[in-house]
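Take a look at the letters that make up each chain.
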Amino acid sequence: MAKIVFALNQSLDGFVDHDHPAFQPDPLLFRHFIDDVSGLSGILYGRRMYENMRVWDGFEWGAPEREFAAAWQSKPKWVVSKTLKSVGPNASLIEGDLAAAISGLKAQHEGVIEVAGPELAHSLTELGLVDEYRLYLHPVVLGHGKPFFAGPRPPLRLVASDRIGENVIRLTYVPA
């Protein structure tokens, strides 16, 4: 059975803003993300995050970026959306009963399916479907933006902390 993991970059004050320059990964953090994506069984997106990530479907990149793009393109992607009518290569649209769809994905796959997007992660948390949370803390205070946690959630238990690259700490939590 697959494990559902919500992993995302955030500021010290808990906000997500991938357009902010402070979230640009240094070479070690980028290598970590290449390795992370390479090891996934798939990626689960909400519409907005999927549309942001579609840039990896095709573009001219340098060597590390090409490696990330190849890893990303090779992974199955599932997109939860009420408005999209179609999705790109190696992606499937999830409509209807979210709990049944995600429970089915967990049962059909092994390894890690990563969730990208705070609102989708919140919906999955409310359904009791998120098995692990990975917070990549960047040394910036934004004071605004989309919060990492889109709503309250039950208590968490810290299971790991890792420094990645020069400035990022990854905190790994599971439901308590």
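That block above? That's the structure.
Residues numbered from 1 in each chain as written. Predicted model: local features only at pLDDT ≥ 70, side-chain atom pairs only at ≥ 80, totals over all residues. Heavy atoms only, no water.

## A closer look at the overall build of the chain
- A tally of regular secondary structure across the chain gives 5 helices and 10 strands.
- Here the C-alpha radius of gyration of the chain, 16 Å, is about what a compact globule of 176 residues would show, namely 16 Å.
- With respect to the three principal axes, the spread of C-alpha positions in the chain is 40 × 40 × 30 Å.
- Put simply, 71% of the contacts in the chain that link residues at least 6 apart link residues at least 24 apart. (Helix = DSSP H or I, 4+ residues; strand = E, 2+ residues; numbered from the N terminus. Rg over C-alpha atoms; globule rule 2.2 N^0.38 Å. Contact = heavy atoms within 4.5 Å.)

## Observations regarding the nonpolar core
- By size, the foremost hydrophobic cluster in this structure holds 49 residues, and its most contacted members are Leu44, Tyr45, Phe68, Ile102 and Leu124.
- Filtering out sequence-adjacent residues up to four positions away, tyrosine 45 remains in contact with Tyr50, Met53, Trp72, Lys77, Trp78, Val79, Val80, Ala116 and Leu120. (Core = buried A, V, L, I, M, F, W, Y, C linked by side-chain atoms within 4.5 Å. Buried < 20%, exposed > 50% of the residue type's maximum accessible area, 1.4 Å probe, protein only.)

## Here we look at the pattern of salt bridges
- For the structure shown, the criterion picks out 10 salt bridges.
- Glutamate 119 is paired through a salt bridge with arginine 48; the nearest N and O atoms lie 2.1 Å apart. Here glutamate 119 is found in helix H5 (residues 118–126), whereas its partner arginine 48 is found in helix H2 (residues 47–53), with 71 residues between them in sequence.
- Take glutamate 119: its relative accessible area is 38%, and that puts it in the partly exposed class.
- Its relative accessible area of 42% is what places arginine 48 among the partly exposed residues.
- The shortest N-O distance in the salt bridge between arginine 170 and aspartate 162 comes to 2.8 Å.
- Put simply, Lys3, Asp36, Glu132 and Arg134 are held in one network by salt bridges that share partners. (Salt bridge = Lys/Arg side-chain N within 4 Å of Asp/Glu carboxyl O.)

## Comments concerning the packing of helix H1 (residues 27–38) against helix H3 (residues 63–74)
- Across the interface, H1 lies against H3 with an axial gap of 8 Å and an inter-helix angle of 20°. By the angle between their axes, H1 is roughly parallel relative to H3. Our pair here, H1 against H3, has a crossing hand that is left-handed. Contact residues: H1 offers Phe30, Arg31, Phe33, Ile34, Val37 and Ser38, while H3 offers Pro64, Glu65, Glu67, Phe68, Ala71 and Trp72.
- Across the contact of H1 with H3, the residue classes break down as 8 nonpolar, 1 polar and 3 charged. (Axes fitted to C-alpha atoms, helices over the stretch in contact; angles between N-to-C directions. Parallel < 35°, antiparallel > 145°, perpendicular 65-115°, else oblique. Left-handed = near helix turned anticlockwise from the far one by under 90°. Nonpolar A, V, L, I, M, F, W, Y, C, P; charged D, E, K, R; others polar.)

## Let's talk about the packing of aromatic side chains
- Inspection of the entire model under this criterion finds 10 aromatic pairs.
- Here the aromatic rings of phenylalanine 30 and phenylalanine 68 are separated by 5.7 Å at their centres, their planes lie at 35°, and the arrangement is tilted. Of this pair, phenylalanine 30 sits in helix H1 while phenylalanine 68 sits in helix H3, and the two are 38 residues apart along the sequence.
- What links up through ring pairs into an aromatic cluster is the set Phe6, Tyr133, Phe148 and Phe149.
- The cationic tip of lysine 77 hangs over the ring face of tryptophan 72; the distance from NZ or CZ to the ring centre is 4.2 Å. (Phe/Tyr/Trp six-rings, centres within 6.5 Å; stacked < 30°, edge-to-face > 60°. Lys NZ or Arg CZ within 6 Å of the ring centre and 35° of its normal.)

## Remarks on the side chain of glutamate 114
- Locating glutamate 114 in the fold gives a position in strand E6 (residues 112–116).
- The buried charged residue glutamate 114 lacks any salt bridge, with arginine 134 as its nearest oppositely charged partner at 4.2 Å.
- Not counting residues within four places of it along the chain, the set of residues in contact with glutamate 114 comprises Val5, Ala7, Asp36, Leu40, Gly42, Ile43, Leu44 and Arg134. (Lys, Arg positive; Asp, Glu negative; His and termini not counted.)

## Let's talk about helix H4 (residues 98–108)
- Within H4 the residues assigned to the buried category are Leu98, Ile102, Gly104, Leu105 and Lys106.
- At the N-terminal boundary of H4, the capping side chain belongs to aspartate 97, with an oxygen 3.2 Å from the backbone nitrogen of alanine 99. (Polar contact = N/O pair within 3.5 Å; in protein donor to acceptor, adjacent residues only side chain to side chain.)

## Some thoughts on the sheet that holds strand E3 (residues 42–46)
- A sheet is described by the order of its strands in space; here 8 strands give the open sequence E5-E4-E3-E6-E1-E7-E10-E9, paired in mixed fashion. Each end of this open sheet is capped by a strand with a single partner; those strands are strand E5 (91–94) and strand E9 (156–164). In this sheet, adjacent strand axes meet at a mean angle of 25° when their direction is disregarded.
- Note: E9 against strand E10 (residues 168–175), 8 bridges, orientation antiparallel. Note that in E10 the partner of aspartate 162 across the bridge is arginine 170. (Pairing = 2+ DSSP bridges.)

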